[in-house]
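# Chains, contacts and geometry: an overview
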Amino acid sequence: MTVRSDLLVIGAGLAGERVAIEAASRGSDVILLSLVPPRRSHSAAAQGGMQAALANMAAGADDSPDVHFVDTVKGSDWGCDQDVARLFTDSAPAAVRETAYWGVPWSRVVPGRREMPDGIWVEESEEKAGLIAARAFGGTQSWRACFASDGTGHSLMYALDNEVLRLGIAVHDRTEAVSLIQDGERCHGALIRDLRTGELRPYLARATVIATGGHGRIYGHSTNGVINDGSGMALALNTGVVPLGNMESVQFHPTGVVPGDILVSEACRGDGGYLLDASGHRFMPDYEPEKKELASRDVVSRCMMRHIRQGFGVESPYGSHLWLDLRHLGKDHIERNLQEVATITRDFLGINAVTELIPVRPTQHYSMGGIRTSIKGEAYGLEGLFAAGEAACWDLHGFNRLGGNSVAETIVAGKIVGASVAEYLESDDSPVRQNAITKLAHESIKQTEARIVKLRNGGSEHALVLRQRVAEVLTEKVGIFRTGSELDEAVMELSELLDRSTRLGLRSSGRGANPELADALRLPGIIRLAITIAQGAQMRTESRGSHYREDYPHRDDVNWLKRTLATWPEAGEGPSVTYEPVRITDLPPGDRGYGEGSKETEGALSDA
């Protein structure tokens, strides 16, 4: 059975649903595809906040979209597209207010005087009472992260899903895109595998949006949900013509719990939590006296790992870690504003965050890279293909994302891309070559069926074994600290794993709703994705944001103020890597102002 629509959105998290809402509200016939029911998307796990310059708080009274823009560019270590950053920061205030209209229960300003950690007093004015509140997040000059306690993503996900239901948008869950249906010039939809039955079905559409989230689970330790393995990015890479941008740019969050790697929100530090070492010493002021725990995520993560390397970590059966201390915030604050953190630590670690320290260490968290798109969300290389959210390299984040900008991006970019798709559909007057498109769909089915038969007939390699080794290689050799020799080894071994993946077989029958078959179909794309990350890092001989080369510790704006683009030619054994310049429109490269990061940048600027 062939399914047809104006717009096919692959991924039903915040970005995908916001695209669908905008396009449907403008008259497009939309189908949303999702691996899981939408309210179980990984977007629901976002805890801390959504950045938007509302200037409602005393500590953010001087905030504006201009200040937000400067923070975003500095946070990106000058790797972002400044036109995109400007559009994003200008659009965010209206976007967050719109979600309030849809029912998001944003935490609100409570007037009065209160003491913050470090002896800081703030007084919220009566005239701001009841407006949307904000909290501090790392790398920002003002309190800007709008929040709904620490369940921001959960609240947004439910509100947007209600809008999807209200608009009557079709949602086909428990489905997975296996490949894009395309002719090398235009995308016509995707081949879908029903995860309930194993049936293959072509979904044909005049426009297709990939909004499948990040690739965290291809690393050995990640805060991401198990469904976040970069499948959407791999779909694009597998076309041979769509490039991925800045895949070497991988963010590690400072506070994944040990063991388990579940994220505890940046709101913990934004609300005044401390990082302590094995002796109970608060060490971040030693590295960054001004920003302390609220330097940008890349800087805090490196400081933590350096501190552990120097022997100040807490030894445990799960490796060395540090402590997150929330005890001084008090029971009332923790149970009101950090209740999800309290629940996570209680249920998964058996720890009472009100009275006990939380074991944490940096963990893979986010991909700044993804499917390279224009400012309108149009994917490079294929007409009719768009991308939004973490699956896309829009490029708002450059080489380091500020906390809260990703949740905001899903809503802001979702609206912009949804409008762009609707305009594309309205203006598209190219003739519909129905017979040619149907033929492409049948060819796609035949190719996938041939792959499945080959897997069922059995090879000597097994998907889970190879995937585990991919995760280990990335974690060990393409992590927070990188060196040329380790990256060389990573590229070599990952290439060997890709070769071994041509000999995959199944231990099960591979029939029906078979998860082993799903893993085997997905694996070659995952390995190609891993190679683009490692090879991009190998070739970028500088340090910028989250990409930190110990053998090239400085930012090099003369040679590397450019974006990596990686395509995988159909007959190629590796990615084809090219570069495009990063356009500087408003804010020229300078000092990020993040302590350790400043020292790294000073060297880069003097080198330049």
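Above this text is the structure in question.
This write-up is about the structure you can find in this document. Computed from a predicted structure; not experimentally measured. (Residues numbered from 1 in each chain as written. Predicted model: local features only at pLDDT ≥ 70, side-chain atom pairs only at ≥ 80, totals over all residues. Heavy atoms only, no water.)

### A closer look at the sheet that holds strand S16 (residues 358-367)
Spatially, S13-S16-S15-S14 is the arrangement adopted by the four strands of the open sheet, whose pairing is antiparallel. The open sheet terminates on both sides in strands that have one partner only, identified here as strand S13 (250-257) and strand S14 (274-276). In this sheet, neighbouring strand axes are inclined to one another by 45° on average, regardless of whether the strands run parallel or antiparallel. When strand S15 (residues 322-325) meets S16, the two strands line up antiparallel, connected through three bridges. Considered in S16, the bridge of Leu322 is made with Val360. (Pairing = 2+ DSSP bridges. Helix = DSSP H or I, 4+ residues; strand = E, 2+ residues; numbered from the N terminus. Axes fitted to C-alpha atoms, helices over the stretch in contact; angles between N-to-C directions.)

### So, the packing of helix H1 (residues 14-25) against helix H4 (residues 152-167)
Here H1 crosses H4 at 30°, and the two axes come no closer than 10 Å. Of the two possible hands of crossing, H1 and H4 adopt the one that is left-handed. On H4, the residues that touch Leu14, Glu17, Arg18, Ile21 and Ala24 of H1 are Leu156, Met157, Leu160, Asp161, Glu163, Val164 and Leu167. Looking at the contact of H1 with H4 residue by residue, the classes come out as eight nonpolar, no polar and four charged. (Left-handed = near helix turned anticlockwise from the far one by under 90°. Contact = heavy atoms within 4.5 Å. Nonpolar A, V, L, I, M, F, W, Y, C, P; charged D, E, K, R; others polar.)

### Here we look at the nonpolar core
Among the nonpolar cores identified, the biggest contains 67 residues, and Ile10, Ile210, Val478 and Leu494 are the most heavily contacted of them. Tallying contributions element by element places helix H15 (residues 515-539) first for this core, with 12 residues. Excluding anything up to four places from it in sequence, Val478 contacts Tyr219, Phe252, Val473, Leu487, Ala490, Ile533, Ala534 and Ala537. Counting residues in hydrophobic clusters, the runner-up holds 58 residues, among them Leu14, Ala24, Val30 and Trp106. (Core = buried A, V, L, I, M, F, W, Y, C linked by side-chain atoms within 4.5 Å. Buried < 20%, exposed > 50% of the residue type's maximum accessible area, 1.4 Å probe, protein only.)

### Points about the layout of surface pockets
Its volume calculated, the second largest pocket comes out at about 1100 Å³. For the second largest pocket, the lining is made up of 40 residues, of which Ser179, Asn238, Thr239, Arg451 and Arg528 are closest to its centre. Sorting the residues of the lining of the second largest pocket by element identifies strand S9 (175-182), helix H5 (231-237), helix H12 (434-457), helix H14 (484-500) and H15 as the ones contributing at least two each. Here the lining of the second largest pocket is composed, by residue class, of 15 nonpolar, 15 polar and 10 charged. (1 Å grid on protein atoms, 1.4 Å probe; cavity = no way out; pocket = protein on both sides within 12 Å on 5 of 7 lines; lining within 4 Å. Points joined across faces, edges and corners; volume = space filled by probe spheres on them.)

### Here we look at the sheet that holds strand S6 (residues 134-135)
Spatially, S3-S7-S6 is the arrangement adopted by the three strands of the open sheet, whose pairing is antiparallel. Across the chains shown, the open sheet's two edge strands, defined by having one partner strand only, are strand S3 (50-51) and S6. Pairing of S3 with strand S7 (residues 145-146) involves two bridges; the strand directions are antiparallel. Counterpart to Met50 in the pairing with S7 is Cys146.

### Observations regarding the packing of aromatic side chains
Within a pair of aromatic rings, the relevant descriptors are the distance that separates the centres and the angle that separates the planes. Summed over the entire model, instances satisfying the criterion amount to five aromatic pairs. For the pair Phe386 and Tyr424, a centre-to-centre distance of 5.6 Å together with 70° between the ring planes defines the contact as edge-to-face. Of the two residues, Phe386 sits in strand S18 (residues 385-387) while Tyr424 sits in helix H11 (residues 405-427), which places them 38 residues apart along the sequence. With a centroid separation of 5.7 Å and an interplanar angle of 80°, the aromatic rings of Phe481 and Tyr548 are classed as edge-to-face. A residue pair is termed long-range when its members are at least 10 positions apart, and Phe481 in the loop between helix H13 (463-477) and H14 and Tyr548 in the loop between H15 and helix H16 (557-560) qualify at 67 residues. Just as Phe481 is buried, Tyr548 falls in that class too. Positioned above the aromatic ring of Phe481 is the side chain of Arg309, whose terminal nitrogen or guanidinium carbon lies 4.1 Å from the ring centre. The aromatic ring of Tyr366 is capped on one face by Arg401, whose charged end is 4.1 Å from the ring centroid. (Phe/Tyr/Trp six-rings, centres within 6.5 Å; stacked < 30°, edge-to-face > 60°. Lys NZ or Arg CZ within 6 Å of the ring centre and 35° of its normal.)

### A look at empty space enclosed by the protein
Enumeration over the complete set of coordinates arrives at three cavities of 30 Å³ or more. Of the volumes computed, that of the largest cavity is approximately 50 Å³. Within the residue set of the lining of the largest cavity, elements represented by two or more residues are S13 and helix H8 (297-312). When the residues that make up the lining of the largest cavity are grouped by side-chain class, the tally is three nonpolar, three polar and two charged.

### Focus on the environment of Ala177
In this structure, Ala177 sits in strand S9. Take Ala177: its relative accessible area is 13%, and that puts it in the buried class. A sequence separation of 89 residues divides Ala177 from Glu266, and the C-alpha atoms of the two residues are 33 Å apart. Each residue touching Ala177, except ones within four places of it in the same chain, is listed here: Ile10, Ala190, Leu191, Ile192 and Leu235.

### Description of the pairing of strand S20 (residues 562-567)
Burial of S20 is extensive: five of the six residues sit out of reach of the surface. Examined bridge by bridge, strand S12 (residues 244-245) and S20 share two bridges and lie antiparallel to one another. Looking at S20, one finds that Leu244 is bridged to Ala566. In this structure, S20 lies alongside strand S21 (residues 576-581), joined through six bridges in antiparallel fashion.

Such coordinate-based values are descriptive only and should not be taken to indicate function.
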